[in-house]
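# Structural overview
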Amino acid sequence: GETQSALALRAEDGKELWQVRLGPHVNESMAPVSTPVVEGGRVFVLGTDCSLRALATATGERVWQVDLKQRFGSSLRRGCETSPFAENGRIVLQPGGPDDHRVVALDARNGDLIWSAKGVERANYSSPVAAEIAGVRQVVVHHVTATPPQRSGLTGFRLEDGAMLWSRTFEA
């Protein structure tokens, strides 16, 4: 359809509990691809308009909203195709912005920025994942090189503060 919505279904029988209209699709050829995540009584939803919304899981009421384009310089395609993940009260996503906004961690309670990281290359059409590597809890993201020939790789950031720990670009 022409409108994006978030909805909650009851696990026992699939009955709709609530539905919230998020607004029109920004680009008719681009459907939402982000997967919502639940943390601390809230569901976090990213629409094609590049707005991350925190909704109350019980009612769907909006708690807070962050425009990734305005706040982090996200591009319409790459910045809106990430799925956030939640851990330790943080919502981590790859908004794909320039400068120091390739990967960000937001406070799940209010959307405030906890940390922001540049990375070594630009964001790709991917979502960050959490992993424990060498005893350190990390955020691992996929990236692509900005200059031809285009190659891809992975970068690890410390979950606690966003410090880049390692990066590896793979040869084709």
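The shown structure was predicted, so the numbers you read here are calculated from the model rather than taken from an experiment.

## So, the overall build of the protein chain
Secondary structure assignment for the protein chain yields one helix and 15 strands. Across the protein chain, the fraction of contacts at a sequence separation of at least 24, relative to all contacts at a separation of at least 6, is 39%. Element-wise, carbon and sulfur atoms account for 48% of the exposed surface of the protein chain, whose accessible area totals about 8800 Å².

## Some words on the packing of aromatic side chains
Enumeration over the complete set of coordinates arrives at one aromatic pair. With centroids separated by 5.7 Å and ring planes inclined at 45°, the aromatic side chains of Phe44 and Trp64 adopt a geometry described as tilted. Of this pair, Phe44 sits in strand S4 (residues 42-46) while Trp64 sits in strand S6 (residues 62-67), and the two are 20 residues apart along the sequence. As far as burial versus exposure is concerned, Phe44 and Trp64 are alike and both buried.

## A word on the sheet that holds strand S10 (residues 113-117)
On the basis of which strands lie adjacent, the open sheet formed by four strands has the order S7-S8-S9-S10 and antiparallel pairing. If you trace the sheet from one side to the other, it starts and ends with strand S7 (85-87) and S10, each paired once. Within this sheet the neighbouring strands show an average axis-to-axis angle of 20°, counted without direction. Bridging between S7 and strand S8 (residues 90-93) involves three bridges; their strand directions are antiparallel. Within S8, the position partnered with Ala86 by the bridge is Ile91.

## A closer look at the confidence of the model for the protein chain
Close inspection of predicted coordinates is inappropriate in any region flagged by low pLDDT. For the protein chain, per-residue confidence averages 86 on the pLDDT scale, and residues scoring 70 or more make up 88% of the total. Here strand S11 (residues 122-123) stands out as the least confident element of the protein chain, with mean pLDDT 65; S6 is the most confident, with 96.

## With respect to the pattern of salt bridges
Under the defined criterion, the tally for this structure stands at five salt bridges. Measuring nitrogen to oxygen at the nearest pair gives 2.9 Å for the salt bridge that ties Asp13 to Arg10.

## With respect to the side chain of Asp49
Counting through the fold element by element, Asp49 comes out in the loop between S4 and strand S5 (51-56). Of the residues examined, Asp49 reaches a relative accessible area of 16% and is grouped as buried.

## Some points on the side chain of Ser51
Among the structural elements, Ser51 can be located in strand S5. For Ser51, a relative accessible area of 5% corresponds to the buried category. In contact with Ser51, not counting residues within four places along its chain, are Val45, Leu46, Gln65, Val66 and Asp67.

## A few points about the nonpolar core
Among the nonpolar cores identified, the biggest contains 16 residues, and Phe44, Leu52, Trp64, Leu68, Leu93 and Leu106 are the most heavily contacted of them. Put simply, the parts of the chain that give this core at least two residues each are S4, S5, S6, helix H1 (68-72), S8 and strand S9 (103-107). Formed by 10 residues, the second largest nonpolar core is a distinct cluster that contains Val139, Val141, Phe157 and Leu159.

## Section: unusual backbone geometry
With a phi close to 65°, Cys50 is a non-glycine residue in the positive phi region. Within the secondary structure, Cys50 is located in the loop between S4 and S5. Its identity is not glycine, yet Asn88 carries a phi of approximately 50°, on the positive side. One can find Asn88 in the loop between S7 and S8.

## Quick look at the sheet that holds strand S3 (residues 37-39)
Within the open sheet, the four strands sit side by side as S3-S4-S5-S6. Their pairing is antiparallel. Two strands lie at the open edges of the sheet, namely S3 and S6, each paired on one side alone. On average, each strand axis in the sheet is tilted by 20° relative to the strand beside it, whichever way the strands run. For S3 and S4, the ladder comprises three bridges, and the chain directions are antiparallel. Looking at the pairing, Val38 lines up with Val43 of S4.

Rules of the game
Residues numbered from 1 in each chain as written. Predicted model: local features only at pLDDT ≥ 70, side-chain atom pairs only at ≥ 80, totals over all residues. Heavy atoms only, no water. Helix = DSSP H or I, 4+ residues; strand = E, 2+ residues; numbered from the N terminus. Contact = heavy atoms within 4.5 Å. Areas by Shrake-Rupley, 256 points an atom, 1.4 Å probe, with all protein chains shown as cover. Phe/Tyr/Trp six-rings, centres within 6.5 Å; stacked < 30°, edge-to-face > 60°. Buried < 20%, exposed > 50% of the residue type's maximum accessible area, 1.4 Å probe, protein only. Pairing = 2+ DSSP bridges. Axes fitted to C-alpha atoms, helices over the stretch in contact; angles between N-to-C directions. pLDDT = per-residue confidence, 0-100. Salt bridge = Lys/Arg side-chain N within 4 Å of Asp/Glu carboxyl O. Core = buried A, V, L, I, M, F, W, Y, C linked by side-chain atoms within 4.5 Å.

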